[in-house]
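Each chain, written out:
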There are 2 protein chains.
Amino acid sequence: MITKRQAFTAFVLGTMLITASGCGQQSVSAANSAKPCDKQLFTTLNRLLANPFARVVLPQNMPSSRIAKYFPVTWTHAYANAQHNAAFAVSSSAPAWMKHGVSWSFSEARAWPLSNPNAYDTSVYGARSALPTITQFYGNATGVTVVKGVVYAESDDDFAYAINAKTGHLIWRSSPVGNHLMGDPVVSGNIVYISAGSVGFNFSAVQKYAAHQPAVRGEHVSFNGVYALNAQTGKLLWRYGTVGEAMATPVVKDGDIYFATGSGHIHCINASTGQSIWDTFVGGIDNMSSLSVVNGKVYVSLSVPGWLYCLDAKTGQVIWKVTQPGVVNTGMGDVSPAVADHIVVMDAVADPKVIAGQKTVNTVLFAVNAQNGHVLWTAKMGRGPLPPAFKGGVPMIHDHVIYVGSPVNSVYQAYNLTNGRLLWTWHVPHAGPAGAGRGAPTYYQGTLYVSTGPTIYALNPRTGQVLGHETLGGRFGIVNPVIVGGTIYLGNSWDWVLATPVSRVNPFYHG
Amino acid sequence: MITKRQAFTAFVLGTMLITASGCGQQSVSAANSAKPCDKQLFTTLNRLLANPFARVVLPQNMPSSRIAKYFPVTWTHAYANAQHNAAFAVSSSAPAWMKHGVSWSFSEARAWPLSNPNAYDTSVYGARSALPTITQFYGNATGVTVVKGVVYAESDDDFAYAINAKTGHLIWRSSPVGNHLMGDPVVSGNIVYISAGSVGFNFSAVQKYAAHQPAVRGEHVSFNGVYALNAQTGKLLWRYGTVGEAMATPVVKDGDIYFATGSGHIHCINASTGQSIWDTFVGGIDNMSSLSVVNGKVYVSLSVPGWLYCLDAKTGQVIWKVTQPGVVNTGMGDVSPAVADHIVVMDAVADPKVIAGQKTVNTVLFAVNAQNGHVLWTAKMGRGPLPPAFKGGVPMIHDHVIYVGSPVNSVYQAYNLTNGRLLWTWHVPHAGPAGAGRGAPTYYQGTLYVSTGPTIYALNPRTGQVLGHETLGGRFGIVNPVIVGGTIYLGNSWDWVLATPVSRVNPFYHG
């Protein structure tokens, strides 16, 4: 296992010296003259030297079924479910550590020092641009997944990880993709599904866009698609390749996988075999917008042009589509719609105006009848500068209330789901130059949790008042706090997976 | 050291299982109870597990100075020099293996099986698009560098490599970048210089291009710039970061580094310190076009718009610029101009016509007076479909003859340097769907060597007649055969570095 101390010493990309010469100058070829035990080590060492992207498996770190049973057994959607509320209470018979919470930090392949407040390349890009750039190209863009005692995470370092939820020790690491991984792994049965793609357009796509033709995101700039991995070992079972990027998290539901791409396709494939069931071309680009699949319907949002679609989950037929006047840029393709109580909630940057030489937008939040696509209400979340990169806040719905942020004006807000009435606004402190408010909040046992910048906050969900906070360092990108029992699990842009007790964030919490 | 056999077993990305549990289930934490020698191994193993991008150094594989002295001592330009002729005879006192040539294959981090004729993701992209995609995003886009007994290579797998030229064993591997490396490492003194960038545009750049504004390539989609590494250890000495990509190979000359970027900047920086000396903004985009620095002048070519520039090497002032009517797409920014005998030679795709529904172009080859930029002559190399990705052939000049390919019609041709008279045309056999003819040929001891597709050819330089060939597998992208004594060194898109005796390609060669 990799100890925390070793992990901490291993963080800076490219500045760590490994003299892999084993015992002095004998080199790792000394295996030939070593004892059997040594030979096995030498062999492992040589394989890791030859193939740094090799899958690594440490089965002894897999939690026992005795522990696993207290955890969620499946993970179907980005941000856990169609409501985007990643909160899981544990039963009273769960072990004490699950109730009280654990604390660990796991350094992924490129882990940037948590104590460094500046993103990689801040000196080149400036702070405003460097922050989203490290989120998109360096560490974990979104949150993590916790299933059966295992934390699954995806990173722009090209690896997917499985980590023991109690100890923070690596179970496996797999890089079957040769590409950035930007979503949450979804899990069903013994399979983890990851989707891959990157945000770039090649020059041919640039020219097509300029000529008012559809421009495919990710084509010829990455190896795109959905990958099925064995949940125990990270071994690649199959891959469904696509031409456009598949950055956003897929959905696994009732034996099928649903996902959308940078070429405007929405796919349904068999979750066991990877065979196509249907493939509907709607046009436009899915960026980081994941789908919700509820009651036999698929809700998905794409940009360029910006539309929220409802498709029949069985046939892929488009049932309705809806948008809002003035939505711009990638907003509609960035945000994942949330669904609860037969209402679909979506937001997108809209209504661009240049004010004092600066591009500004106002985020429009809207609720739609899930059955027929009629808009129930709209609300303006507030005007501010057009944010860099991901341009919205992922909405979460709990008990007829929407909790949602906006990086345009760096707020979190609560709205009545039925009538769109604003309940409160909380201004994120120290929001930073790139704006705060992208990740979905989590509602857990009467408290709202938000991870933004380097900090996790606990808020009173009725007032937005801050109850407590913990600063872990780095930056949480489009990250939701995943709460299981007494622990909050997160991934961050600095390329770390972190666990911290709920009680450290919320002093009023007593697991 | 990594043996060839081990390397061969380690090739398929993501399908190799490493059970890093050392001796059975004791796991690598067993180090605590092991002997001191074992502890060191365990520590190394744990570090490699924690940080796959860690620098690896095997100093015992560094060649002795006794061997090093028979090799080139510096490497200033892409394709070796301003003429792009990477041919180095060895003295009669050189060891026999240098004269007769060596054969080895070094598998880089993602090495794709050489025997597989299809590129990664052929089933998704189709053969025509998959070939350049694997060149741009998977393996080695260009050739290698051979200095003092060491082969230096860069790969899209994010690593730079130093390999023993005799044995093919790894000396070091370094990944200080978190980005694709697409050029030739250049070497001066004890420093290796690599430049980094990727071909993607972000959505903001796409919108700017559509609005007829300058679009920066690589901005916010990669970590760009020039990196200085210790030639013995791969240790990062300093980095000069840039906003636009720096895909193309820099030039190191007389203590200065010259390079151009995807934001239209041409830089001169101090080769020892990385401090800026001058920075000239000319606009447009440098893609894969490397500079030539000759007689105090910098020659560099950019696209969008396409111009060949001459700058004063001391001040960065533009002395002249020239183009050809009808040059299109990235052609001018792809090809590196060659310079010899006070003449600059350049080619670019031009004169687009849709014929039978297909986009076609004709490659224009032209020669320019290096002093004043006057065009001396132009020639049309032939019409064909617009090639995917890199859109020209890198010209090489030897003894007043230009040898140059064109992927438009998959030919290599020879032209008289002074008057542009066509001397011969050779049609590349089995050129494949992406076209052949991108890499610079190499003239060595009366024979012309060309690496294209999976094959190295020996041609009669007076007639273009094939004298022999060797097929090594994989695909050579924009790769020139680097010849030192009796060995040809190459990198390929399948992520391998290869060495083969000249005599295997050319049956008439007797080292």
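Residues numbered from 1 in each chain as written. Chains lettered and ligands numbered in written order. Predicted model: local features only at pLDDT ≥ 70, side-chain atom pairs only at ≥ 80, totals over all residues. Heavy atoms only, no water.

> Is there a simple way to think about the overall build of chain A in this case?
Check the secondary structure of chain A and you find nine helices and 34 strands. Seen through its C-alpha atoms, chain A measures out along the principal axes to roughly 75 × 55 × 50 Å. Here chain A holds 511 residues, and 68% of them are scored as buried. Put simply, chain A has 32 plus and 22 minus side-chain charges, and the middle of one group is 6 Å from the middle of the other. (Helix = DSSP H or I, 4+ residues; strand = E, 2+ residues; numbered from the N terminus. Buried < 20%, exposed > 50% of the residue type's maximum accessible area, 1.4 Å probe, protein only. Lys, Arg positive; Asp, Glu negative; His and termini not counted. Charge placed at Lys NZ, Arg CZ, Asp CG, Glu CD.)

> Would you take a moment to explain the packing of aromatic side chains for this structure?
Two numbers describe a pair of aromatic rings. These are the distance of the centres and the angle of the planes. Residue and element names in this part refer to chain A. By the definition in use, this model includes 51 aromatic pairs over all chains. Ring plane angle 35° and centroid distance 6.3 Å describe the contact between Phe 71 and Trp 97, whose orientation is recorded as tilted. Of the two residues, Phe 71 is situated in the loop between helix H3 (65-68) and strand S3 (87-88) and Trp 97 in helix H4 (residues 96-100); the sequence distance between them amounts to 26 residues. By relative accessible area, Phe 71 is classed as buried at 6%. Relative accessible area serves as the criterion here: at 15%, Trp 97 is assigned to the buried category. (Phe/Tyr/Trp six-rings, centres within 6.5 Å; stacked < 30°, edge-to-face > 60°.)

> Honestly, the environment of B:Ile134 in this entry has me stumped. Any pointers?
With respect to the secondary-structure elements, B:Ile134 resides in helix H6 (residues 127-137). Residue B:Ile134 is classed as buried on the basis of its relative accessible area of 0%. If we skip the residues at most four places from it in the chain, B:Ile134 touches A:Phe223, B:Trp112, B:Ala119, B:Tyr120, B:Gly139, B:Asp156, B:Ser493 and B:Trp494. (Contact = heavy atoms within 4.5 Å.)

> Where do I start with the sheet that holds strand S31 (residues 466-476) of chain A in this structure?
Remark on secondary structure: sheet strands pair via backbone hydrogen bonds, oriented parallel or antiparallel. Residues and elements named next belong to chain A. Ordered by their spatial adjacency, three strands build an open sheet running S29-S30-S31, and the pairing between neighbours is antiparallel. Of all the strands in the sheet, just strand S29 (442-444) and S31 have a single pairing partner and so form its edges. Each strand of the sheet is rotated relative to its neighbour by a mean of 35°, with strand direction disregarded. Judged from the six bridges that link them, strand S30 (residues 447-459) and S31 form a sheet pairing that is antiparallel. Opposite Gly 453, over in S31, you have Phe 476 as the bridge partner. (Pairing = 2+ DSSP bridges. Axes fitted to C-alpha atoms, helices over the stretch in contact; angles between N-to-C directions.)

> Help me out: how do you make sense of the sheet that holds strand S14 (residues 256-260) of chain B in this one?
All names here are of chain B. If you walk across this open sheet you meet the four strands as S13-S14-S15-S16, and the pairing is antiparallel. Only two strands of the sheet have a single partner each, and these edge strands are strand S13 (251-253) and strand S16 (276-281). Shown here is a sheet whose adjacent strand axes are inclined to one another by a mean of 15°, direction ignored. Relative to strand S15 (residues 265-270), S14 is paired through five bridges, and the arrangement is antiparallel. Looking at the pairing, Phe 259 lines up with His 267 of S15.

> What exactly am I supposed to notice about the UniProt feature "domain: Pyrrolo-quinoline quinone repeat" (unreviewed entry) in chain A here?
Residues and elements named next belong to chain A. In this numbering, the UniProt entry assigns the feature "domain: Pyrrolo-quinoline quinone repeat" (unreviewed entry) to residues 141-282 and 306-479. Here residues 141-282 is 6% helix and 43% strand, with 26 Å between the C-alpha atoms at its ends. For the annotated span residues 306-479, helix accounts for 2% and strand for 56% of the residues, and the straight-line distance between the end C-alpha atoms is 23 Å. (UniProt positions renumbered as here; feature names shortened; annotations may be inferred.)

> I'm lost on the pattern of salt bridges in this one. Help?
Opposite charge on two side chains allows them to pair when their charged atoms are near. Applying the stated criterion to the full structure yields eight salt bridges over all chains. The partner of A:Arg110 in a salt bridge is B:Asp158, with the nearest N and O atoms 3.4 Å apart. Residue A:Arg110 is found in the loop between strand S4 (104-107) and helix H5 (122-125), and its partner B:Asp158 is found in the loop between strand S6 (150-154) and strand S7 (160-164); the two belong to separate chains. The burial state of A:Arg110 is the same as that of B:Asp158; both residues are buried. Here B:Arg239 makes a salt bridge to A:Asp121, at a shortest N to O gap of 2.4 Å. You can see B:Arg239 sitting in strand S12 (residues 236-242) and its partner A:Asp121 sitting in the loop between S4 and H5, one on each of two chains. Judged by relative accessible area, B:Arg239 falls into the partly exposed class, the value being 23%. (Salt bridge = Lys/Arg side-chain N within 4 Å of Asp/Glu carboxyl O.)

> Hey, could you run me through the pairing of S6(B) in this one?
Look at any regular strand and the pattern is simple: side chains alternate between the two faces of the sheet. Residue and element names in this part refer to chain B. Counting buried positions over the five residues of S6 gives five, a clear majority of the element. Burial along S6 is two-sided: Val 150, Tyr 152 and Glu 154 facing one way and Val 151 and Ala 153 facing the other are all buried. Two elements, strand S5 (residues 145-147) and S6, share three bridges in a ladder whose sense is antiparallel. Looking at the pairing, Val 146 lines up with Val 151 of S6. Between the end of S5 and the start of S6, which pair antiparallel, lie two residues, with Lys 148 showing a positive phi angle near 50°. Both S6 and S7 contribute to a ladder of five bridges, which runs antiparallel. Opposite Ala 153, over in S7, you have Tyr 161 as the bridge partner. The loop that links S6 with its antiparallel partner S7 comprises five residues; one of these, Asp 158, has a positive phi angle of about 85°.

> Looking at this model, I keep getting lost on the side chain of B:Thr330. Mind explaining?
Mapped onto the fold, B:Thr330 is located in the loop between strand S20 (318-322) and helix H8 (331-334). You can call B:Thr330 buried: its relative accessible area is 5%. Ignoring any residue separated from it by four or fewer positions in sequence, one finds B:Thr330 in contact with A:Phe203, B:Arg217, B:Asn287, B:Ser303, B:Ala389 and B:Lys391.

> Would you explain empty space enclosed by the protein in this entry?
Summary: where empty space remains is shown by rolling a probe the size of a single water molecule over the atoms. Evaluation of the coordinates by the stated rule reveals six cavities of 30 Å³ or more. By volume, the largest cavity amounts to about 300 Å³. In this structure, the largest cavity is lined by 26 residues; those nearest its centre are A:His180, A:Ser198, B:His180, B:Ser198 and B:Val221. Class assignment for the residues of the lining of the largest cavity results in eight nonpolar, 12 polar and six charged. (1 Å grid on protein atoms, 1.4 Å probe; cavity = no way out; pocket = protein on both sides within 12 Å on 5 of 7 lines; lining within 4 Å. Points joined across faces, edges and corners; volume = space filled by probe spheres on them. Nonpolar A, V, L, I, M, F, W, Y, C, P; charged D, E, K, R; others polar.)

> Sorry, what's going on with unusual backbone geometry here?
Backbone geometry follows two general trends: most residues other than glycine have a negative phi, and most peptide bonds adopt the trans configuration. Omega for the bond connecting A:Val304 with A:Pro305 falls within 30 degrees of zero, at 0°, which places this linkage in the cis form. Tracing the backbone through its elements, the reader meets A:Pro305 in the loop between strand S18 (297-302) and strand S19 (307-312).

> Any chance you could explain helix H7 (residues 203-210) of chain A here in plain terms?
Residues lying three or four places apart along an α-helix face the same way, a consequence of the helix completing one turn every 3.6 residues. Within the span of H7(A), buried status applies to A:Phe203, A:Ala205, A:Val206 and A:Tyr209. Projected down its long axis, H7(A) carries its buried residues within an arc of 160°, all on one side. If you follow the buried residues of H7(A), they end up packed against helix H7 (203-210) of chain B. Looking one or two residues beyond H7(A), the residue adopting positive phi is A:His212, at roughly 60°. (Arc of directions from axis to C-beta.)

> What's the story with the nonpolar core in this structure? I'm lost.
In summary, soluble globular proteins display a tendency toward joint burial of nonpolar side chains. If you look at the biggest cluster of nonpolar residues, it comprises 239 residues, and the most contacted ones within it are A:Tyr489 and B:Tyr489. Lining this core are residues from two domains, each supplying at least three of them: domain 1 (10-50) and domain 2 (53-505) of chain B. Counting 19 residues, the second-largest nonpolar core is a separate cluster that includes B:Trp320, B:Val344, B:Val364 and B:Phe366. (Core = buried A, V, L, I, M, F, W, Y, C linked by side-chain atoms within 4.5 Å. Domains from an automatic or database assignment.)

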